[in-house]
Amino acid sequence: HPTAIIGPLCVVERGAVVRDSIVMPGTVIKAGAVVQYAIVAENAVIEENAVVGARPEDVENLDDWGVAVVGSGVTVGKNGVVAPKAMVDEDVKGA
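Residues numbered from 1 in each chain as written. Predicted model: local features only at pLDDT ≥ 70, side-chain atom pairs only at ≥ 80, totals over all residues. Heavy atoms only, no water.

1. Description of the overall build of the protein
Thought 1: Of regular secondary structure, the protein possesses zero helices and 13 strands.
Thought 2: The order of α-helices and β-strands along the protein, N terminus first, is β-β-β-β-β-β-β-β-β-β-β-β-β.
Thought 3: For the protein, the C-alpha radius of gyration of 12 Å lies close to 12 Å, the compact-globule estimate for 95 residues.
Thought 4: Seen through its C-alpha atoms, the protein measures out along the principal axes to roughly 35 × 30 × 20 Å.
Thought 5: Residues counted as buried form 36% of the 95 residues belonging to the protein.
Thought 6: Partitioning the intrachain contacts of the protein with sequence separation of at least 6 by distance along the chain shows that 23% fall at a separation of at least 24.
Thought 7: Summed over its atoms, the accessible surface of the protein is roughly 5,200 Å², and 54% of this surface lies on carbon and sulfur atoms.
Thought 8: Here the protein carries 7 positive and 13 negative side-chain charges, and the mean point of each set is 7 Å from the other. (Helix = DSSP H or I, 4+ residues; strand = E, 2+ residues; numbered from the N terminus. Rg over C-alpha atoms; globule rule 2.2 N^0.38 Å. Buried < 20%, exposed > 50% of the residue type's maximum accessible area, 1.4 Å probe, protein only. Contact = heavy atoms within 4.5 Å. Areas by Shrake-Rupley, 256 points an atom, 1.4 Å probe, with all protein chains shown as cover. Lys, Arg positive; Asp, Glu negative; His and termini not counted. Charge placed at Lys NZ, Arg CZ, Asp CG, Glu CD.)

In structure tokens:
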């Protein structure tokens, strides 16, 4: 997506959506994952159908909106969610 910056050695699988985000080197974003308005640090893994961040127009209360941040080496599990404004530095379990 033209509004995303994706670093070297990243893998974005077919069917994943990355927009309005910065993805650092070595990160893997798997099929069906959605990453929006987020900063994803080095060597993170965003598993299948996980959701990281949201667009401001998709949030009811803009006080709840902000850039989501995923720390270095963190895995967001299959169907896991990182809410807007959240900063995670430990793995996020999937559903």
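2. Some remarks on the sheet that holds strand β11 (residues 75-76)
Thought 1: Taking strand neighbours across the sheet as the criterion, the four strands line up as β2-β5-β8-β11 in an open arrangement whose pairing is parallel. Edge positions in the open sheet fall to β2 (11-12) and β11, since each of these has one partner strand only.
Thought 2: Pairing between strand β8 (residues 45-46) and β11: two bridges, direction parallel. Within the sheet, the bridge partner assigned to Ile-46 lies in β11 and is Val-76. (Pairing = 2+ DSSP bridges.)

3. Quick notes on the pattern of salt bridges
Side chains carrying opposite charge are able to pair once their charged atoms draw close together.
Thought 1: Inspection of the entire model under this criterion finds three salt bridges.
Thought 2: Between Lys-30 and Glu-47 there is a salt bridge, with the nearest N and O atoms lying 3.3 Å from each other. With Lys-30 in the loop between β5 (28-29) and β6 (34-36) and Glu-47 in the loop between β8 and β9 (51-52), this residue pair connects regions lying 17 residues apart in the sequence.
Thought 3: Using a relative accessible area of 21% as the deciding quantity, one classes Lys-30 as partly exposed.
Thought 4: Accessibility expressed as a relative area gives 18% for Glu-47, which makes it buried. (Salt bridge = Lys/Arg side-chain N within 4 Å of Asp/Glu carboxyl O.)

4. Focus on unusual backbone geometry
Thought 1: With a phi close to 60 degrees, Asn-43 is a non-glycine residue in the positive phi region.
Thought 2: By the secondary structure assignment, Asn-43 is in the loop between β7 (38-40) and β8.
Thought 3: Since its relative accessible area comes to 49%, Asn-43 is described here as partly exposed.
Thought 4: Unlike most non-glycine residues, Asn-49 shows phi in positive territory, near 60 degrees.

5. A closer look at the nonpolar core
Considering soluble globular proteins, one finds that nonpolar side chains tend to be buried as a cluster.
Thought 1: Residues Ile-29, Val-35, Ile-46, Val-52, Val-70, Val-76 and Val-82 are the most contacted members of the largest nonpolar core, which totals 21 residues.
Thought 2: Of all elements in the fold, only β7 and β10 (68-70) reach the threshold of two or more residues within this core. (Core = buried A, V, L, I, M, F, W, Y, C linked by side-chain atoms within 4.5 Å.)

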